[in-house]
Amino acid sequence: MASTPHVVVIGGGSTGIGIARDLAMRDLDVTLVEQGNLTHGTTGRMHGLLHSGGRYAVSDQASAKECIQENRVLRDIASHCVEMTGGMFVKRPEDSEEYFQKKLDGCRECDIPAEVISGEEARKREPHLAKDIDKAIAVPDGAIDPFRLVVANAASAEQHGARIETHSPVTDLLIEDGEVVGVEVEHKSGPGIRVHGTEGGTEEIRADYVVNASGAWAGQIGDMADVDIEVRPSKGVMTIMNIRQVDTVINRCRPKGDADIVVPHETTAILGTTDEEVEDPEDYPEEQWEVDLMIDTLKELVPMLDEARTIRSFWGVRPLYEPPDVGSEDPTDITRDFFLLDHEERDDLPGMTSIVGGKFTTYRLMAEKISDHVCEQFGIERECRTADEPLPGSEDFSVLRDYMEEFGLRSPVGRRSVERLGSRADEVLTTDDPNPVICECEGVTRAEVQDAIEQSGSDLNAVRIRTRASMGNCQGGMCVHRLASELHEANVDGETFDETVAREAWDELLQERWKGQRHALWGQQLSQAMLNYALHATTQNRDNDPADGEPIDFAAFDAGADASGEPGGADVAADGGERDGY
Amino acid sequence: MAIESDVLVIGGGLAGLSSAISAAREGADVRLVTYKQSTLRQASGLIDVLGYTPDGEGPLTDPYSAIPELPDEHPYRLLGEDTVREAMSMFDEVVDTYRGGHTDTNALLPTYGGTVKPTARYPDGAAAGLASDDRDLLLVGFEAMPDFDAPHVAAHLEAAGVPFDVRGETIQFPGDLQDDAKVTRYAKLLEKNGPVEVRGRERGARDALVERLNPLIEDEKRVGLPAVLGDADAAGVRAALEAELGVEVFEVPATPPSLPGVRLEDRLFEAFDEAGGNFESGNPVVSFDGQNRVETVYVDKQSARIPYSADQFVLATGGLVGKGVESDREHVYEPIFDCHVEHSEDRYDWFDEAVFGDHPFAGFGVDPDTELRPLDSGGSPEFENLRAAGSVLGGHDFAAEKSGSGVSIATGYHAGRLAAQEAQ
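Just so you know, these numbers come straight off a predicted model, no measurement behind them.

Visitor: I'd love a proper account of the UniProt feature "domain: FAD-dependent oxidoreductase 2 FAD-binding" (unreviewed entry) in chain B, names of residues and values included.
Guide: The UniProt feature table records "domain: FAD-dependent oxidoreductase 2 FAD-binding" (unreviewed entry) at residues 6-407 of chain B. Across residues 6-407 of chain B one finds 24% helix and 21% strand; the C-alpha atoms that close the span lie 24 Å apart.

Put into structure tokens, the structure is as follows:
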């Protein structure tokens, strides 16, 4: 066996990327493959809650303890991805006193700082809470940007030599003599740096070990080796509000239920969620009742949500797993713990381990345990350093600086850019060229967009998750064409993107932004949707783009009236028609 | 006591102004009340009549000949082709800064999205940009103005198969303007040839721009710039640039806030003023009195309710964008008179899955009779003396058809004329 084992990690969500970083930092040779963008699956479709552990303090104390531990670690190593908003478990008059007490005891048993505050005090902290909230338990919940976190992990992994391949779905597992020896991936076609190997072709990546961290898709990977991995995908809806009605995380203090959390996230607040088992992680119904349930239930905690503007809704699937023979009926009963399935022990298939279950807040800890397991396979003992070394962007970073002076940006734009970029702010924002705002809703400037294109190539959706461009009130109505132009103007290591590439990326982003917005089409957001439609269809004529359609007989159209008397008018081609309007 | 007039028009966009002008030209005493800035600031300033049929056929060369084939409920069908033509003639008479009236044939104009779109009337300032004109074209954008990326627009136009060569160049606008300077700042500087600092020397902005444009021009006889060439005196700015550059200069219709839209709005308000009308802006109409007839509407002024009475009323409050049509999770409604708006009870029927699909919401609005009186759910006029014009009308998807301005002008013209005739 080679001295530097080569490990292939399947899945570019928080777990996979955490494993890739961890193994790369332990000097293993790592390739990560992801079918879509980084965060394409579950990680990109969560409410961004950094758990204090309070949520599990009654039902699952082992998870609760892990959460508070990792909550502290992430504040440290990922400070530019975390906003420590604080959180509250609020009790309505009809919610049980007994459970409130259990929650409080549970928090204390798990070493989660918890303080009981009166309804009055809770409303002082969050003025829009319902007047009849009795009391609350304050806990250190926070908000975390999953995109930024995963991108920072990927950057770190690459710095440690890992190869990250997005848009490369695994089409087969390579199995020789009853052992997994690698994967076959298909590189999706499309020019740009997202293409490696043969464009649109397949590549066999041989490996000493394969880690299947594909979450809700783990079963599909298992099928390729005829091993059974019974992941139970469970969907949940999240509805995004256009402003932050609350600045701390609001949880309802009752045993379990749908629609019991509001998470302030960047400029928005995210309402969540439902929990319903689905067959297929890619294809499940997204329904009106789920959105209505969020608003109608959560307005019991924050009444103004009833009239508030939502900008879109999205659904995610949890990769729930429970060992065979438990047999829970209700997905909310399935543990949030993670499981490491060593296929050699379990299925007599050496060379691969699958990781299933788990939750975002503890992604790093999971990665550590799996990386330990992988190292064990090779008899290597190397220490995990991921809890101590800050992620790129979070090194030596103190947020308060004079952005306006430094980068010539208006103060709110500068502050937001610097918060997003963390310690990379200097590197990205220092430019002699004009740096206009590209996305006004989220305050994203050209320098930040160009930096994102350097990282992610021709995929504007990947630019979006790195910068938040097109994620505000107008949902891209005002900036999608600007982003496409930035792509057209970009030069990434000598590589440029032609008009066709820019147009495809533009269409793709416009449709992606439309997808979630469809669940918010009433009131102001319907008005916004009509404006966007009018701008794109009427003003730009993008719905009848002649570049995508039949050739136009230009000569059949008005060639202009005689414009004599105008400078240069002698050159105007006149059609000899009558002018009766002047 | 109520403020009285023959005709009261609610709404100051293209439809409201067209109906107010048309009613005033009939000799009525007309008053127009408008709330916020009109949606003309969000429009390109091009006047489309009909670019595509509801089936997507197009771009149409002759918008008028397609009218008889439109669905029965389409506003143009209610008016008839002749009325649409008359309305456009009125537009041509009152707005002398537009072209296209010399022919029935649509023009094709380049858009900031890099495509071309069919339109019936276009501002003088856009005329040299016609896509059917086969002279080579140079587009020039400004670095700090990301809405108009000239090289990208040029590449896209080429992909659209335009019959000329087109190049795009990006330059820095002279002077050290902030990166987020407003379009009106550019316009004013160019109009006044205002001072900017270039390499430590103070220069006129327009002169300095000419110096930057000159070396870029090769064999092209026309140059397109973003629509920031002047505010009140756009023609003067263009003439000055053309004289210095020796080529024709045009503006590519813009994103919001759109100066061509604002200039058109200003011109129409002037025309209404010249026709003897009165207008007030800044306050919304919030309620009304009346049963079969609208007697009085109330304007909310700093929480006082001011009554306005009239013999005839025109509702030109806009569609979903202008808030003449509103919605909540269960309903779509017209907020002032609660006129009937047809819609599915299930809001998931209001839209299509594809971003440019066949969206029912695009057709939300009141459905009128041939006199443009909104009809209730039983098909009877809601009020004897209330007519509707512009995007508040249903029955058409102006975005897909490229018919928004034409519908506003034609229904405004018709509603205003009928209201004035009735009032006298």
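Visitor: So what's going on with the sheet that holds strand β2 (residues 29-33) of chain A? Which residues, and what values?
Guide: Residues and elements named next belong to chain A. One open sheet holds the 6 strands; their spatial order is β9-β2-β1-β13-β21-β20, and the pairing between them is mixed. Where the open sheet ends on each side, the last strands, each with one partner, are β9 (163-165) and β20 (338-342). Strand-to-strand twist in this sheet, taken as the mean axis angle between neighbours without regard to direction, amounts to 15°. Relative to β2, strand β1 (residues 6-10) runs parallel, the two sharing 5 bridges. Bridging from a neighbouring strand, histidine 6 pairs with aspartate 29 of β2.

Visitor: Before we move on, could you go through the packing of helix α16 (residues 499-517) of chain A against helix α4 (residues 150-159) of chain B and cite the residues and values that matter?
Guide: Viewed as axis vectors pointing N to C, α16(A) and α4(B) meet at an angle of 95°, and their least axial separation amounts to 10 Å. Comparing the axis directions of α16(A) and α4(B) gives the class roughly perpendicular. In this structure, α16(A) uses A:Glu499, A:Ala502, A:Arg503 and A:Trp506 to contact α4(B), whose residues at the interface are B:His152, B:Ala155, B:His156 and B:Ala159. Broken down by class, the residue content of the contact of α16(A) with α4(B) amounts to 4 nonpolar, 2 polar and 2 charged.

Visitor: Can you break down the interface of chain B and chain A residue by residue, with the values?
Guide: The figure often quoted for interface size is the accessible area lost as the parts come together. Contacts between the two partners involve 83 residues from chain B, matched on the other side by 74 residues from chain A. Across the chain B to chain A interface the summed buried area is about 7000 Å²; carbon plus sulfur atoms make up 59%. Counting the surface chain B buries against chain A, the share from its top three residues, B:His102, B:Arg329 and B:Phe356, is 11%. For the pair chain B and chain A, the number of links is 7 salt bridges. Put simply, A:Asp543 and B:Lys402 hold a salt bridge, and the shortest N to O gap is 2.6 Å.

Visitor: Account for the side chain of B:Arg347, with residues named and values stated.
Guide: Counting through the fold element by element, B:Arg347 comes out in the loop between β18 (332-333) and β19 (386-388). The class of B:Arg347 is buried, set by a relative accessible area of 2%. A polar atom in the side chain of B:Arg347 sits 3.0 Å from the side chain of A:Asp292. Leave out the neighbours within four places in its chain, and B:Arg347 touches A:Gln288, A:Val291, A:Asp292, A:Leu521, A:Trp522 and B:Arg329.

Visitor: Which residues make up the domain arrangement of chain B, and what are the values?
Guide: Residue and element names in this part refer to chain B. Each assigned domain of chain B is listed here: domain 1 (3-100 + 261-423) and domain 2 (112-252). Distance from the C-alpha centre of domain 1 to the C-alpha centre of domain 2: 33 Å. Listed as interface residues are 20 residues of domain 1 and, on the opposing side, 15 residues of domain 2. For the pair domain 1 and domain 2, the summed buried area comes to about 1500 Å², and 49% of that belongs to carbon and sulfur atoms.

Visitor: How would you summarise the packing of helix α1 (residues 14-25) of chain B against helix α10 (residues 404-423) of chain B if you had to cite specific residues and measurements?
Guide: Residue and element names in this part refer to chain B. Orientation of α1 relative to α10, taken along the N-to-C sense of each, is 35°, at an axis distance of 7 Å. Classified by chirality, the crossing of α10 by α1 is right-handed. For the pair α1 and α10, contact is made by Leu14, Ala15, Ser18, Ser19, Ser22 and Ala23 and by Ser405, Ser408, Ile409, Gly412, Tyr413, Gly416, Arg417 and Ala420, respectively. Class assignment of the residues belonging to the contact of α1 with α10 gives a composition of 6 nonpolar, 7 polar and 1 charged.

Visitor: Can you explain helix α3 (residues 97-109) of chain A? Please cite residues and give values.
Guide: All names here are of chain A. Over its 13 residues, α3 runs 18 Å from end to end, which matches the ideal 18 Å to within 8%, given 1.5 Å per residue. Residues of α3 that are buried include every one of Tyr99, Phe100, Lys103, Leu104, Gly106 and Cys107, and no others. Down the axis of α3, the sector holding all buried residues measures 160°, keeping them to one side. Those residues of α3 that are exposed and aimed more than 90 degrees away from the buried face are Glu98 and Glu109. Against the buried residues of α3 lie α2 (61-77), β5 (87-91), β6 (115-118) and β7 (135-139).

Rules behind the numbers
- The written sequence of each chain sets the order in which its residues are numbered from 1.
- Lettering of chains starts at A and numbering of ligands starts at 1, both following the order in which they are written.
- Predicted model: local features are reported for residues with pLDDT of at least 70 only, side-chain atom pairs are reported and counted for 80 or more only, and whole-chain, interface and lining totals are derived from all residues.
- Each side-chain value is worked out from all heavy atoms of the structure, with water and hydrogens disregarded.
- UniProt positions are given in the numbering used here, feature names are shortened, and annotations may be inferred rather than shown by experiment.
- Helix and strand labels come from DSSP, where a helix needs a run of H or I of at least four residues and a strand needs a run of E of at least two; each type is numbered from the N terminus.
- Two strands qualify as a pair provided DSSP detects at least 2 bridges between them.
- The angle between two axes is taken between their N-to-C directions and runs from 0 to 180 degrees, where each axis is a line fitted to C-alpha atoms and a helix contributes only its stretch in contact.
- The scheme is simple: roughly parallel for angles under 35 degrees, roughly antiparallel for over 145, roughly perpendicular for 65 to 115, oblique for anything else.
- The contact criterion used is simple: two residues touch if any of their non-hydrogen atoms lie within 4.5 Å.
- Charged means Asp, Glu, Lys or Arg here, nonpolar means Ala, Val, Leu, Ile, Met, Phe, Trp, Tyr, Cys or Pro, and polar covers whatever is left, Gly included.
- For any pair of parts, buried area is found by adding up, for both, the accessible area (1.4 Å probe) each one loses once the two are put together.
- Just to be clear on terms, a salt bridge is a Lys or Arg side-chain nitrogen sitting within 4 Å of an Asp or Glu carboxyl oxygen.
- Each residue gets one of three labels from its accessible area relative to the maximum for its type: buried under 20%, exposed over 50%, partly exposed in between, using a 1.4 Å probe on protein chains only.
- Any pair of N or O atoms that falls within 3.5 Å is considered a polar contact. Within protein, one atom must be able to donate a hydrogen and the other to accept it, and sequence-neighbouring residues count only if both atoms are side-chain atoms.
- The start and end points of each domain follow an automatic or database-based domain assignment.
- Helix crossings get a hand from a simple test, with the near helix turned counterclockwise from the far one by less than a right angle marking a left-handed crossing and a clockwise turn marking a right-handed one.
- How far a helix is expected to stretch is found by multiplying one less than its residue total by 1.5 Å.
- Working definition: the arc comes from the directions between the helix axis and the C-beta atoms, pointing outward to the latter.

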